[in-house]
Amino acid sequence: MSLYPVIMCGGSGVRLWPASRPERPKPFARLFGDGPTAFQDTAARAAPLGPLLVIGGADHGGLIREQLAEAGLDAEVILEPEPRDSAPAMAAAAIRLLRRDEEAIMVVLAADHHVPDAGAFRDSVVRAAPFARAGRIVTLGVKPTFASTAYGYIRPGRGESVRMVEAFIEKPDASRAAGLIAEGCLWNSGNFIVPATTLVYELGRLAPEVLEAAEAAVESAAESATGLLLGEIFRTAPRISIDYAVMEKTARAMVAEVDFAWSDVGAWDVVHALSEQDATGSHIEGRVEAEGVSGAYIRASGGAEVVVVGVQGLAVVADGARILVAPLADSQAVKRAVERLQARGPAGYPGLEQATANLGLWLRTAALPVWWSLGADRERGGFVEAIGQDGRPRPAPRRGRVQGRMIFSFSQAGLMGWDGPWREAVRHGLAGMTDAFLRPDGLVRSLVGLDGRPLDETPFVYDQAFALLGLASLVQAGESADMALSLAQRMREGLDNLRHPGGGFREAGDQPFQANAHMHLLEAALAWETAGGDGGWADLSDEIAGLALGAFIDHRGVLSEFFDADWRRAGGDAGRLVEPGHQFEWAWLLDRWGRARGRADGQLAARALYAAGLQGVDSRRACAVNALWEDLSIRDGWARLWPQTEFLKSALSLGETEDALKAATGLARYLETPVRGLWRDRQGPTGGFASGDAPATSLYHIVGAIRQLEELSPALSA
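As the structure is a prediction and not an experimental result, all values here were calculated from the model.

Turning next to the sheet that holds strand S12 (residues 283–285). The strand order across the open sheet formed by four strands is S12-S14-S16-S17, and the pairing between neighbours is mixed. Since the sheet does not close on itself, it has two edges, and those belong to S12 and strand S17 (322–327), each with one partner. For this sheet, the mean inter-axis angle between neighbouring strands, taken without regard to orientation, is 5 degrees. Note: strand S14 (residues 297–301) against strand S16 (residues 314–319), five bridges, orientation parallel. Of the residues in S16, the one forming a bridge with Ile-298 is Val-316.

Pasting the structure below:
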């Protein structure tokens, strides 16, 4: 029966704000100088016991992998689509381990505890293991060193060092804590040694809903770039701790008394106590000047500079623009204040004028220069698919849609008055598109290899839409207009071969009848109307808008994504998909079309689409989530960058100033990157960002949103 350390990376560590934040919670924060994080320390301490398994939030998968690699360790990683507390997480880990080893013994560890004596810890686990092998659930009970009110307690029964548990006691007040210690009670460390079979059996008996959801989530799990992502059904698991679900009810609980140093490092006073201190009893770290200070913890990071004079017993923690000043002893007040702050959502712009200035400056001085200098491939032509967060272009086969989007982005930059080399950029993009992507029939092929040879000749309607949009922007900007007009005319004629007899267009691929390709084709047709194209573009706009009003959007303003050949909503989960980003994007387009045509039905549909899309906006994160079900409940709580831009554009178009400010705030968080001018693409349910490259396709969304800001915010700000 082998031991398998299972490291639980849950919890938010609110009391340790601002070092601990949703995007970098306590286990992954460096609380003690440049040393290992608590997660790295836990993994290194546990690794000699057996193969590591780590379970954490999906939005922290990149952090987990990065910190394991930094520590020279390997582990299987399980990712939760949404945190549901310790019982569902442990259930999923147990089920996963049983598929590998039916006799697996789990050593369940919190990722954020401080245990300086790794050898003593491992000795305690080995001492408890025989009792676990006999079918017991053994928890480590720490011999108390003071009357803590921050920890739960365990009352052990009679016997030697590993005894039956008589009772679990919640966090007591000070007098009760002293009494419990006098009775011989132990601190509840929250670490367990238990056979996976025993844990599954007890969960099935005592918390069957937890086990059922965890089993289904493991069964439907899929490999991702950073770990095994549990199925979406995991979100339905009851949110409950293992203590409440099992430990307080089971007759199998035992406690192994340990006397090594242990702390859950739950607040700044604990960090202060564990840190090096000067002669005044203070810990001072970072770019700090202190005078007349005693018994304080002062720390500056993230570029912050701190001056502290004449204080004692305070925590002063500055991490960039985030600053905490609080009595070291009052961690509960810190928790309450931070939770109130987080409930208000991210720090927002005071007004649209400031949002416009900030985002416009970022676009002109950072994003556009970066994507021209690093994103343009001078060797192969055209633009790269992505740039890494290290500032290095990522070599990969090129998609036709990227080239059209980049032509659009730099053409719009010229129209916005950017004094950079936008003409050179659009000519580069146009040459790359015509040389490598243009088929003999005038349509754009889907994929080209790094050697310039076609990899996929398929002419997706989606790709034609972006080629047409880029060409229309060229004409609007007065660059290569004759060539753009000629190419667009051939492309529109080629599109006739992709028409569906039942109306609209048939897309290539697995979902031939879809709204999304039509949406971008409507965008391109409207752009050609603005560019002075012939009447055929207006006819195309009207055709697609009519299809949207008649088939794509229901009476509630809810947009379906996929359909059958008769343009009826598709069956199954595909037909139940609702994307808030597309709700906003269609709202922006139909509002434009309705205004241009004097069509009230288009403008009313835009309002209804927008209202339904708001059901997918998470106010706490100030962002639109990826997907809803048809009843507008959350289907996928992750959030990509592009829906934020569409939320912003539609809010501006419909005159929703407060929503526009919220959307601009949410968008700005994606743009906070090590290399200025790049962006994060995926934000998890708890607010952390997944690691990953900045995709070139997002520049089209960002440029469009910032141009809308610059055009519409003056009137809305007046």
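The next point concerns helix H17 (residues 535–552). The terminal C-alpha atoms of H17 lie 25 Å apart, and with 18 residues this matches the ideal 26 Å at 1.5 Å per residue to within 8%. As for H17, its buried residues are in contact with helix H14 (461–477), helix H15 (481–495), helix H16 (515–530) and helix H19 (580–597). Taking the backbone nitrogen of Gly-536 as reference, a side-chain oxygen 2.9 Å away marks Asp-534 as the first, capping residue of H17.

Right, let's talk about H15 for a bit. Between its first and last C-alpha, H15 extends 21 Å over 15 residues, near the 21 Å set by a 1.5 Å rise per residue. Those residues of H15 lying buried are Ala-484, Leu-487, Ala-488, Met-491, Arg-492, Gly-494 and Leu-495. Considered in projection along H15, the buried side chains sweep an arc of 155 degrees and stay on one side of the axis. Turning to H15, the residues buried within the fold contact helix H13 (422–436), H14, H16 and H17.

Turning our attention to the pattern of salt bridges. This structure, assessed with the given rule, holds 54 salt bridges. The salt bridge partner of Lys-26 is Asp-112, with a shortest N-O separation of 3.1 Å. Of the two residues, Lys-26 is situated in the loop between strand S1 (3–9) and helix H1 (38–46) and Asp-112 in the loop between strand S4 (105–110) and helix H4 (118–133); the sequence distance between them amounts to 86 residues. The residues Lys-26 and Asp-112 share a single accessibility class, namely buried. Salt-bridge contacts for Arg-239 lead to Glu-82; the nearest nitrogen and oxygen are separated by 3.6 Å. Remark: Glu-82 occurs in the loop between strand S3 (76–80) and helix H3 (86–100) and Arg-239 occurs in the loop between strand S10 (228–229) and helix H8 (242–247); sequence separation between them is 157 residues.

Before going further, it helps to examine the pairing of S1. Looking along a regular strand, one sees side chains alternate from face to face of the sheet. For S1, a buried count of seven out of seven residues is recorded, marking the element as mostly surrounded by other parts of the structure. Neither face of S1 is left uncovered, since the one carrying Leu-3, Pro-5, Ile-7 and Cys-9 and the one carrying Tyr-4, Val-6 and Met-8 both have all their residues buried. Relative to S4, S1 runs parallel, the two being bridged by six bridges. Bridge pairing in S4 places Pro-5 opposite Val-107. Relative to strand S2 (residues 53–57), S1 is paired through four bridges, and the arrangement is parallel. Its bridge partner being in S2, Met-8 is matched across the sheet by Ile-55.

Where helix H11 (residues 352–373) meets helix H23 (residues 698–717), the closest approach of the two axes is 9 Å, and the angle between their N-to-C directions is 150 degrees. Regarding the angle of H11 to H23, the classification is roughly antiparallel. Considering only the axes of H11 and H23, their crossing is left-handed. Along its contact with H11, which presents Leu-352, Glu-353, Ala-355, Thr-356, Leu-359, Gly-360, Trp-362, Leu-363, Arg-364 and Trp-371, the element H23 presents Leu-699, Ile-702, Val-703, Ile-706, Leu-709, Glu-710, Ser-713, Leu-716 and Ser-717. Among the residues forming the contact of H11 with H23, the class breakdown is 12 nonpolar, four polar and three charged.

Right, let's talk about the side chain of Ser-241 for a bit. Tracing the chain through its elements places Ser-241 in the loop between S10 and H8. In this structure Ser-241 comes out as buried when scored by relative accessible area, which is 14%. Setting aside residues no more than four positions away along its own chain, Ser-241 makes contact with Asp-85, Ser-86 and Ala-87.

Cut-offs applied
- Residues numbered from 1 in each chain as written.
- Predicted model: local features only at pLDDT ≥ 70, side-chain atom pairs only at ≥ 80, totals over all residues.
- Heavy atoms only, no water.
- Pairing = 2+ DSSP bridges.
- Helix = DSSP H or I, 4+ residues; strand = E, 2+ residues; numbered from the N terminus.
- Axes fitted to C-alpha atoms, helices over the stretch in contact; angles between N-to-C directions.
- Expected span 1.5 Å × (residues − 1).
- Contact = heavy atoms within 4.5 Å.
- Polar contact = N/O pair within 3.5 Å; in protein donor to acceptor, adjacent residues only side chain to side chain.
- Buried < 20%, exposed > 50% of the residue type's maximum accessible area, 1.4 Å probe, protein only.
- Arc of directions from axis to C-beta.
- Salt bridge = Lys/Arg side-chain N within 4 Å of Asp/Glu carboxyl O.
- Parallel < 35°, antiparallel > 145°, perpendicular 65-115°, else oblique.
- Left-handed = near helix turned anticlockwise from the far one by under 90°.
- Nonpolar A, V, L, I, M, F, W, Y, C, P; charged D, E, K, R; others polar.

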